[in-house]
Amino acid sequence: MRSIPLLFIFVTLLSSGCAKDEPVNADGSSDGGDGTDGGDGGDGSDGSTDGSCSEDADCDPWQICEEGSCEAGDRNNSVEEAQSLLWEDSREGRIMPAGDVDYFSFQADGGEYVRISTTLEDAVIEAGGDTVLILRDESGKVVTSANRFATGTAITGVDAVAFAYLAEAGTYTITVEDDGSYGADPDGVETGFSDYVYTVALQEWSATTFEPDSAASPQYTVDLDTSRVWSTVGALLESDGDVDYIGLEVRGVVGGELLFVDGNQDMEGSDLRSRIRLLDSSGRAYTDKLDVGPSDYALVPFVEPGSYVLEISDIAGTGGDKHWTFLHVISRPDDWNGSEFQQEVEGNDLLSTAEILVQTDGETSSGNLYTFSSVYGRADSTDDEDWFSFNAGYGSNFFGFCLNSASLGGGVSPQVDLYDGSGALVQTWTGSSANPNLYVANETLADGDWFVRVSPTDGTGGGPGDWYAFTLYVAGFEAGSYGCPNG
């Protein structure tokens, strides 16, 4: 699952400071901005009608003429009523009344990569507007959908963005509706009002892989030189055994940041089950992740400047005209919640040289106290030991620990040992390939200094992809669950 469980008391703290990212268009430009100019979110009536009519033009823009009376609604509420949309075109629509679903259609020759988006005015967003768009093929089957950016994350300037490959020629249908009518509103509210105006746009996407390509000679390269900006590339594995490659040049200020490789959350119309690896010029893997997009993203902590290649293959080695994907690449100095991660520094191979954890103080709304520490580390060899020290001082202390590696594309199979201040081993936990790799909840600790040792098992360690991420908690109360690293 993409969602990572969080200790409910920590949600407010860890969500603060979350910044929206920006997308890069097929031509390399950034969408930028923070939305179109606002409406007022009110009823939108200009008082120009008395409610009687003979045609729609006699009514306000958010109304239609039905049996001589102006009623809230529009004329594109079914496949048969779908408004036509041209390539590189946009249309304005309105969600009114609540529960309204608008239909648009376009013609495809087959073989196109597409980007479909909706944008909202600031005032509409403030009034509760939040669109979901769904793309269906001629038979009515869903190709993909999006509530936010295709990765499920928020970005600047657009409300929802979907990417897809159209394998077949025919008429495709786009529906736009409120997230409440779709069932995605967290409050379960269907929103619709006269100023709920959106723009839907259709674009053919040109940033794609193409043949012939190889790890040595990828046909498309992403220049990654700006933080917090998405770069999107489409790919199609045309036949069994096909492997596609995307070049990646890490430059400038993004060197040393966290590199995220994500995909569409909704891949319903694709037969591909992806395996994504980031390789350097020597072919060493920095991340190796299955089902990127629907399952989760792949991560490379603190990626260094240089030339890399993203390798895309199918888990089963199959291919065909519906084995497509889109990879969305971004670098950030922090994780999705805006949390800074402490980077493990070597020289911490002994208890006596343990790295001191930065323990960030927190307090729940009910006054319960806790600290948390977030760390990225690397198993530099198969016998590497990384020691960390922390303090417990609440009188009654509860210890929580969650470590991820394989779940985000890392290669470490971890063992974690807990030592007390005298250097005595108290407890040992061994991880697995599950998500998370290792989870510990509500171990009781006495006041004082404590140590954890992270070491690789099962022959892991020594490679550039043998990294791990953990969050360590000390709480003054027994918690329901503890949050895992969120990348």
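The residue numbering used here restarts from 1 in each chain and proceeds along that chain's sequence as written. The model is predicted, so local features are restricted to residues of pLDDT at least 70 and side-chain atom pairs to those at 80 or more, both for listing and for counting; the totals for chains, interfaces and linings are taken over all residues. Excluding hydrogens and water, the side-chain values take into account all heavy atoms of the structure.

**Examining the overall build of the chain**
Secondary structure assignment for the chain yields three helices and 32 strands. Across the 487 residues in the chain, those meeting the buried criterion constitute 53%. Should any heavy atoms of two residues lie within 4.5 Å, those residues are counted as being in contact. Across the chain, contacts joining residues at least 24 apart in sequence account for 77% of those joining residues at least 6 apart. Every helix listed is a DSSP run of H or I at least four residues long, and every strand listed is a run of E at least two residues long, numbered separately from the N terminus. Partly exposed residues are those whose accessible area sits between 20% and 50% of the maximum for their type, while under 20% is buried and over 50% is exposed, using a 1.4 Å probe and protein chains only.

**Considering the environment of V243**
By the element assignment, V243 lies in the loop between β14 (229–236) and β15 (244–250). On the basis of relative accessible area, V243 is assigned to the partly exposed category, the value being 25%. Along the backbone, V243 and E311 are 68 residues apart, and their C-alpha atoms lie at a distance of 7.0 Å. Apart from residues lying up to four places away in sequence, V243 is in contact with D213, L237, E311, I312 and S313.

**Section: the state of the cysteines**
Whenever a pair of cysteine sulfur atoms sits within 2.5 Å, that pair is classed as a disulfide. Within this structure, the stated rule accounts for three disulfides. Put simply, C53 and C65 are joined by a disulfide, and their sulfur atoms are 2.1 Å apart. Between C53 and C65, the S-S dihedral sits near 95 degrees, and the bridge is therefore right-handed. Taken together, the residues C53 in the loop between β1 (22–23) and β2 (63–66) and C65 in strand β2 connect sequence positions twelve residues apart. Its relative accessible area of 13% is what places C53 among the buried residues.

**Comments concerning the pairing of β2**
For a regular strand, side chains alternate in direction, first toward one face of the sheet and then toward the other. Strand direction decides the pairing type here: β2 and strand β3 (residues 69–72), joined by four bridges, are antiparallel. When the sheet's bridge partners are listed, E66 is paired in β3 with S69. Two strands make a pair as long as DSSP finds a minimum of two bridges between them. Hairpin connection from β2 to β3: two residues lie between these consecutive antiparallel strands, with E67 at a positive phi of about 55 degrees.

**Examining the sheet that holds strand β6 (residues 101–108)**
In any sheet, the strands associate via hydrogen bonds between backbone groups, in a parallel or an antiparallel arrangement. Reading across the sheet, the five strands line up as β4-β6-β11-β8-β9 and stay open at both edges, with mixed pairing between neighbours. Each edge of the open sheet is held by one strand with a lone partner, namely β4 (83–84) and β9 (142–146). As paired strands, strand β8 (residues 131–136) and β9 are joined by four bridges and run antiparallel to one another. Note on β9: the bridge partner recorded for R136 is V142.

**Brief notes about the confidence of the model for the chain**
pLDDT is a per-residue confidence score from the predictor, ranging from 0 to 100. With 90% of its residues at a pLDDT of at least 70, the chain reaches an overall mean of 89. With pLDDT under 50 throughout, residues 1–19 is counted as low confidence; its partners more than four residues away or in other chains account for 50 contacts. Per-residue pLDDT stays below 50 along residues 25–47; that stretch engages in 56 contacts with residues further than four places along the chain or on separate chains.

**Some points on the side chain of N397**
Along the chain, N397 turns up in strand β27 (residues 397–404). The term polar contact refers here to a pair of N or O atoms within 3.5 Å; inside protein, the definition further demands a hydrogen-donor-capable atom paired with an acceptor-capable atom, and it admits residues adjacent in sequence only when both atoms are side-chain atoms. Side-chain polar atoms of N397 contact the backbone nitrogen of G393, separated by 3.3 Å.

**Observations concerning the nonpolar core**
Judged by nonpolar contacts, the single largest core of 52 residues is most densely connected at F106, I116, L135, I174, L299 and W324. It is strand β10 (residues 160–166) that provides the largest number of residues to this core, a total of seven residues. The criterion is simple. A nonpolar core is a set of buried Ala, Val, Leu, Ile, Met, Phe, Trp, Tyr and Cys residues joined through side-chain atoms within 4.5 Å. Membership of the second largest hydrophobic core comes to 23 residues, among which are W450, F470, L472 and V474.

**A look at the environment of G73**
Within the secondary structure layout, G73 lies in the loop between β3 and β4. Judged by relative accessible area, which is 10%, G73 ranks as buried. Between the C-alpha atom of G73 and that of P61, which follows or precedes it by twelve residues, the distance is 9.2 Å. G73 has contacts with W62, Q63, I64, M96 and P97, leaving out every residue within four places of it along the chain.

**Notes on the pairing of strand β18 (residues 285–290)**
The pairing of strand β17 (residues 274–280) with β18 spans five bridges and is classified as antiparallel. Directly across from I276, in β18, lies its bridge partner K289. Remark: four residues form the turn of the hairpin made by β17 and β18, two consecutive strands paired antiparallel; G283 in that turn has positive phi of roughly 85 degrees.

**Observations concerning the pattern of salt bridges**
Each reported salt bridge corresponds to a side-chain nitrogen of Lys or Arg within 4 Å of a carboxyl oxygen of Asp or Glu. Under the criterion given, the structure shown has twelve salt bridges. Measuring nitrogen to oxygen at the nearest pair gives 2.6 Å for the salt bridge that ties R275 to D288. Residue R275 is found in strand β17, and its partner D288 is found in strand β18; the two are separated by 13 residues along the sequence. For D288, a relative accessible area of 30% corresponds to the partly exposed category.

**Describing the sheet that holds strand β29 (residues 425–430)**
Read from one edge of the open sheet, five strands run β23-β26-β31-β28-β29, paired in mixed fashion. If you trace the sheet from one side to the other, it starts and ends with β23 (355–356) and β29, each paired once. Note: β23 against strand β26 (residues 386–392), two bridges, orientation parallel. The residue bridging E355 from the neighbouring strand is F388, located in β26.

**A closer look at the environment of G480**
Here G480 lies in the segment after β32 (467–475). Overall, the relative accessible area of 69% leaves G480 in the exposed class. Along the backbone, G480 and A441 are 39 residues apart, and their C-alpha atoms lie at a distance of 8.5 Å.

**What to know about the side chain of E177**
Its place among the elements puts E177 in strand β11 (residues 170–178). Charge convention: Lys and Arg are scored as positive, Asp and Glu as negative, and His as well as the terminal groups of each chain are ignored. R136 is the oppositely charged side chain nearest to the buried, salt-bridge-free E177, at an N-O distance of 6.0 Å. Within the local environment of E177, its side chain forms a polar contact with the backbone nitrogen of Y182, the two atoms lying 3.4 Å apart.

**Quick word on unusual backbone geometry**
A cis amide bond links E211 with the next residue in sequence, P212, at an omega value of -5 degrees. Located in the positive-phi region is E88, a residue other than glycine, with phi close to 55 degrees. Classification of E88 by relative accessible area gives exposed; the value is 55%. With a phi angle near 55 degrees, D291 is a residue other than glycine that sits in the positive phi range.

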